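A closer look at the structure
Residues per chain, in single letters:
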Amino acid sequence: MKTAGLNSVSVSLNAESEDKYNKLCRPIHKNAYSAVLDFVKGARKAGISTRVTVVNVPEIDLKKMQKACRGA
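1. As for helix α2 (residues 32-45)
With 14 residues, α2 should cover 20 Å at 1.5 Å per step; its first-to-last C-alpha distance of 20 Å lies within 8% of that length. Within the sequence span of α2, burial applies to Ala-32, Tyr-33, Val-36, Leu-37, Val-40 and Ala-43. Viewed end-on, α2 has its buried residues packed into an arc of 145°, placing them on one side of the element. Gly-47 sits one or two positions beyond α2 and adopts a positive phi of about 85°.

Shown next as structure tokens:
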């Protein structure tokens, strides 16, 4: 990605856990949540500026979300 000229990405993770992600986003692919986290890790490892966003709804614990994003 970096060699193709990609300097930054913004990723919507939308939930702090796979269970909440699946309920909120209803992904059509299995393991979508872990795939998003893997993408974020890969982008950061490649030196690409990576921003992770979340929806602000009562079901989402923003502090847990920050922890999940930092671990990615």
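Alright, that's what it looks like, and here's the rest.
2. A look at the nonpolar core
One finds Val-9, Val-11, Leu-13, Tyr-21, Tyr-33 and Val-36 to be the most contacted residues of the largest nonpolar core, which totals 16 residues. Looking at this core, the elements with two or more residues in it are β1 (8-12), α2 and α3 (62-71). At 6 residues, the largest contribution of residues to this core is made by α2. Not counting residues up to four positions away in its chain, the partners in contact with Val-36 are Val-11, Leu-13 and Tyr-21.

3. Observations regarding the pattern of salt bridges
Taken as a whole and judged by the stated rule, the model has 2 salt bridges. The salt bridge partner of Lys-20 is Glu-16, with a shortest N-O separation of 2.7 Å. Classification of Lys-20 by relative accessible area gives partly exposed; the value is 29%.

Conventions used here
Residues numbered from 1 in each chain as written. Predicted model: local features only at pLDDT ≥ 70, side-chain atom pairs only at ≥ 80, totals over all residues. Heavy atoms only, no water. Helix = DSSP H or I, 4+ residues; strand = E, 2+ residues; numbered from the N terminus. Expected span 1.5 Å × (residues − 1). Buried < 20%, exposed > 50% of the residue type's maximum accessible area, 1.4 Å probe, protein only. Arc of directions from axis to C-beta. Core = buried A, V, L, I, M, F, W, Y, C linked by side-chain atoms within 4.5 Å. Contact = heavy atoms within 4.5 Å. Salt bridge = Lys/Arg side-chain N within 4 Å of Asp/Glu carboxyl O.

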